[in-house]
Every structure is written in structure tokens, then in C-alpha cells.
Amino acid sequence: MASSSSSSSASSSALKRLSNLSNHLRPTNSNALVKVSAEVSEALSSGHPVVALESTIISHGMPYPQNFETAKEVEAIVRDNGAVPATIAILDGIPCAGLNLEQLERLAQLGKSAQKTARRDIAHVVATKRNGATTVSATMFFAAMVGIPVFVTGGIGGVHRHGEHTMDISSDLTELGRTPVAVISAGVKSILDIPRTLEYLETQGVCVGAYKTNEFPAFFTETSGCKVPCRVDSPEDCARLIDANRKLNLGNGVLIAVPIPKEHSASGSLIESAIQRALTEAREKNVTGNAETPFLLARVSELTGGASLASNIALVKNNAAVGAKISVALAQLT
Ligand code: PSU
Ligand code: MN
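Fair warning: this is a prediction, and the values are worked out from it, not measured in the lab.

Some words on the environment of Leu-53
Thinking step 1. Along the chain, the position of Leu-53 falls in strand 2 (residues 50–53).
Thinking step 2. Residue Leu-53 is classed as buried on the basis of its relative accessible area, which comes to 6%.
Thinking step 3. Distance from Leu-53 to Ile-169, taken between C-alpha atoms, is 22 Å for residues 116 residues apart in sequence.
Thinking step 4. Contact partners of Leu-53, with chain neighbours within four places excluded, come to Val-74, Glu-75, Pro-85, Ala-86, Thr-87, Ile-88, Thr-139, Phe-151 and Val-152.

This is how it looks when you write it as C-alpha cells:
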């Protein structure tokens, strides 16, 4: 008896400790963690379509002032197509969903002095109250947290060339495997290893839909030579796919790959030779880790005399229109 009562009190204090621990582990109210703008918050609570946008593309993907102009234009395109834009970034340590013009410009001017923030960097940027520009992985994380199912960007990260040796595989791919947000992008740049990127997405269980094509696009160009099994031909097709993924509770993201419009696609050989040169320079200068993607993007832009930047801007705008239409179709389904 005595031993049973002492064991019961021991187990009750163990239970108490466990319950304290689980309270500690329980996620805090996401509204308290993310500052959602009034407009985005109203749209979300009334079921109005919202489109998330990332911020590394602003800070690290393009130079000022083209980055600010593009960010504003992309938001306007989302609105023109019936959805509310929610650019996501961390400002002074506070994750924000929905930036005003002043905040957008601040981020655009900060450029590379904002911290490029992937999932692994979020806690650090918040704890030290820094300014963080969110990559695809971190933007997906916050979009899911506040309940935005559709997210538009230019290109996602992937398996780097020689990634089988360096293990440099973007956390965008693992995030797509674990976070149920649909990412609308123009595929993957050929600075990366496209076939291995698709293999890795398959391993992660990510549904990849190619928009009005059977082939995965290569960002600057419409084709990559890699076929994908899922073809989607309209915003409604995409919405049904996203809805099925959500209803089945699969838990992973969906990648919708929208080819760059023909009239804006860059000459494949021009881009490819610039990429080869940029890759050689990156190796010579020992640029690795999260500095590699911004370095390659900037060098390819310089080496193509800005042609790649113009294509980049055009495809992001096209993705914004398609993504907004998908989010409208999705809102009508639910
Ligand atoms: N690809 C682009 N433009 C970009 C990026 C990738 O064409 O701006 C950015 C995105 O924010 C993406 C990130 O999530 O780079 C991937 O970086 P990394 O390769 O370090 O994972
Ligand atoms: Mn990397």
C-alpha cells in the first residue's frame, strides 16, 4: 500500500512535470508570434483569397531600385487578379505577414544587409531582433502558420550542381515535403541540378504540377528536358489539386511550375554560358553555403547584361497573376 501510494505520488509529480513540459512545448498562439496586417487579417477571416510573397527575392534576388518597383508591381498584379498580397519578412525580430509600402521599401533598401532567412535562421533572427528576408522555406513556414495556402515566388532553391558531393540541397525542398502550402514558381534555375532536384522532390513526397505543359520549366527557359507526371491546365485544375492535397491531410506542399512566357524567355545558350562562367567563379572564390545562390544570380545578371534580370522580373509578374487566379479558384472551392 505504502509503496503504491508513494509510487502514485511520484507518478503524479512526474505527470505534473510532463504537463508543464508539454505546455512549454505547445505552440504559442500564432497571432501573438506573427504580426498580420489588418488587411490580410480581415481577408483571412472572411475567406477572401490571399497570396503570400517572399522577401529574399527583394533583398537578395534583385538590385535596388528594381527590387522595390518589382515588389510593388507584383502586389498590384495580385490585387488586380482578385487576391490580397501578403509579403512575409521579419522586421526588427518580428515576423510580419503583409507589409506596407514603407516596410517594403525599407527591405528593398536593406538589400543584402538583411539576413537571408531560411527555416534554420528564423529563431536566430527573431531572438536577436534582426531584419530577415525570408526565403521560400521560411515564407512557407509563416504562410502555413497564419493560414495562407498559396504562395507566389520566382524560382525555388534546389539541389546544387555537384550537390551529390557537397550535400548543398536547399531547405526549400524539405519544407515542401513538410508544410502544406502551394508554391507557384517558374521552376528551378539551371544554376542548379534540375533532374536531381526533381528526384529529391519525389523523395519528399511533393506533388509537382507543370502548368499547361508536360515538362518542368527551367526558370529563364520554358523547358528543362525533364518530364513531370502531373499536368495542370487552368487555375481551377490547380485549385482542385491543392484542395485534394489539403483534404487528404497529406501534410506536404504542392509545387506548381509555370513556364516563363515565350516572349520573355532568355536565350538558352546565352544564359547557359553565363551560368557556366558564374559557377567557375564561385568555385574559384570559394563561395559556398547560403551565399552561393545570391552570388550566382547576381553574376548571371551581370554577365548577360541585365537580360536575365528582365526575364526574372517578367516571370515573377506572370507567376503573380497565375497564383492570384489559383487562390481565387481555391477560395471558391471551399
Ligand atoms: N532562386 C531565384 N531567385 C531567388 C532565390 C532562388 O531564382 O531569389 C532565393 C529564394 O528565396 C529561395 C532561396 O528560397 O534563394 C534559396 O536559397 P538557397 O539555395 O540558399 O536555399
Ligand atoms: Mn544551400
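Text resumes after the structure shown.
As for the site of ligand 1
Thinking step 1. What surrounds ligand 1 is a group of 17 residues, the closest being Glu-54, Ser-170, Asp-172, Lys-189 and Thr-293.
Thinking step 2. His-160 has a polar side-chain atom sitting 3.5 Å from an oxygen atom of ligand 1.
Thinking step 3. Take Thr-293: an N or O atom from its side chain is 2.7 Å from an oxygen atom of ligand 1.
Thinking step 4. Considering ligand 1 on its own, with 470 Å² of exposed area, one finds that the protein chains cover 93% of that surface.
Thinking step 5. Among the secondary structure elements, those contributing two or more residues to the shell around ligand 1 are helix 4 (56–59) and helix 14 (292–303).
Thinking step 6. When grouped by side-chain class, the residues that make up the shell around ligand 1 number four nonpolar, nine polar and four charged.

With respect to the side chain of Thr-134
Thinking step 1. With respect to the secondary-structure elements, Thr-134 resides in strand 6 (residues 132–134).
Thinking step 2. Taking relative accessible area as the criterion, Thr-134 reaches 0% and is therefore assigned buried.
Thinking step 3. A distance of 2.9 Å separates the side chain of Thr-134 from the backbone oxygen of Ile-88, its partner in a polar contact.
Thinking step 4. Beyond its immediate sequence surroundings of up to four residues, Thr-134 is in contact with Glu-54, Ser-55, Thr-56, Ile-88, Ala-89, Ile-90, Thr-117, Thr-139 and Phe-142.

Side note on the pattern of salt bridges
Thinking step 1. If you walk through the whole model with that rule in mind, you get 18 salt bridges.
Thinking step 2. Here Glu-175 ties to Arg-119 by a salt bridge, and the two come within 2.6 Å at their closest N and O atoms. Pair noted here: Glu-175 is in helix 10 (residues 171–178) and Arg-119 is in the loop between strand 5 (115–117) and helix 7 (122–127), with a separation of 56 residues, a long-range link.
Thinking step 3. Accessibility expressed as a relative area gives 1% for Glu-175, which makes it buried.
Thinking step 4. Judged by its relative accessible area of 27%, Arg-119 is partly exposed.
Thinking step 5. With a shortest N-O distance of 2.6 Å, Arg-299 and Glu-281 are connected by a salt bridge. Within this pair, whereas Arg-299 is found in helix 14, its partner Glu-281 is found in helix 13 (residues 268–284), the two being separated by 18 residues in sequence.
Thinking step 6. By relative accessible area, Glu-281 is classed as buried at 12%.
Thinking step 7. Within the structure, one salt-bridge network assembled from shared partners comprises Arg-277, Glu-281, Arg-299 and Glu-302.

Considerations on helix 10
Thinking step 1. Buried within helix 10 we find Asp-172, Leu-173, Glu-175 and Leu-176. In a view along the axis of helix 10, the buried residues occupy a sector of 160°, so they form one face of it.
Thinking step 2. Taken together, the buried residues of helix 10 touch helix 8 (136–146), strand 8 (182–185), helix 11 (194–203) and strand 11 (254–257).
Thinking step 3. The opening residue of helix 10, the one whose side-chain oxygen lies 3.0 Å from the backbone nitrogen of Asp-172, is Ser-170.

A word on the environment of Phe-142
Thinking step 1. Along the chain, Phe-142 turns up in helix 8.
Thinking step 2. The buried category is assigned to Phe-142, whose relative accessible area is 4%.
Thinking step 3. With 88 residues separating them along the chain, Phe-142 and Cys-230 place their C-alpha atoms 27 Å apart.
Thinking step 4. Residues in contact with Phe-142, not counting those within four places in the same chain, are Val-34, Ile-88, Ile-90, Pro-95, Ile-122 and Thr-134.

Focus: the confidence of the model for the protein
Thinking step 1. Averaged over all residues, the pLDDT of the protein equals 92, while 91% of them reach at least 70.
Thinking step 2. Contacts from residues 1–7, a stretch scored under 50 in pLDDT, to residues over four places away or in other chains number zero contacts.
Thinking step 3. Model confidence for the complex is summarised by a pTM of 0.91, with the ipTM given as 0.98.

Things to note about the pairing of strand 2
Thinking step 1. Judged by which residues are buried, strand 2 turns out to be covered on both faces: Val-50 and Ala-52 on one side and Val-51 and Leu-53 on the other are all buried.
Thinking step 2. One ladder, built from four bridges, connects strand 2 with strand 3 (residues 84–91); its direction is parallel. Note on strand 3: the bridge partner recorded for Val-50 is Val-84.
Thinking step 3. Of the strand pairs in this sheet, strand 2 and strand 7 (residues 150–152) are connected by two bridges, and their pairing is parallel. Considered in strand 7, the bridge of Leu-53 is made with Val-152.

Description of the state of the cysteines
Thinking step 1. Following the criterion strictly, the structure yields zero disulfides and no others.
Thinking step 2. A disulfide-free cysteine, Cys-207 has its sulfur positioned 4.4 Å from the sulfur of Cys-230, the nearest such atom.

Observations concerning the side chain of Glu-54
Thinking step 1. Looking at the element boundaries, Glu-54 is found in the loop between strand 2 and helix 4.
Thinking step 2. A polar contact is formed between the side chain of Glu-54 and the backbone nitrogen of Thr-56, at a distance of 3.3 Å.
Thinking step 3. Within the local environment of Glu-54, its side chain forms a polar contact with the side chain of Thr-153, the two groups lying 2.5 Å apart.
Thinking step 4. The contacts of Glu-54, once residues within four sequence positions are left out, are Thr-87, Ile-88, Thr-134, Thr-135, Val-136, Thr-139, Phe-151, Val-152, Thr-153 and Gly-155.

What counts as what
Residues numbered from 1 in each chain as written. Chains lettered and ligands numbered in written order. Predicted model: local features only at pLDDT ≥ 70, side-chain atom pairs only at ≥ 80, totals over all residues. Heavy atoms only, no water. Helix = DSSP H or I, 4+ residues; strand = E, 2+ residues; numbered from the N terminus. Buried < 20%, exposed > 50% of the residue type's maximum accessible area, 1.4 Å probe, protein only. Contact = heavy atoms within 4.5 Å. Near = heavy atom within 4 Å. Polar contact = N/O pair within 3.5 Å; in protein donor to acceptor, adjacent residues only side chain to side chain. Areas by Shrake-Rupley, 256 points an atom, 1.4 Å probe, with all protein chains shown as cover. Nonpolar A, V, L, I, M, F, W, Y, C, P; charged D, E, K, R; others polar. Salt bridge = Lys/Arg side-chain N within 4 Å of Asp/Glu carboxyl O. Arc of directions from axis to C-beta. pLDDT = per-residue confidence, 0-100. Pairing = 2+ DSSP bridges. Disulfide = S-S within 2.5 Å.

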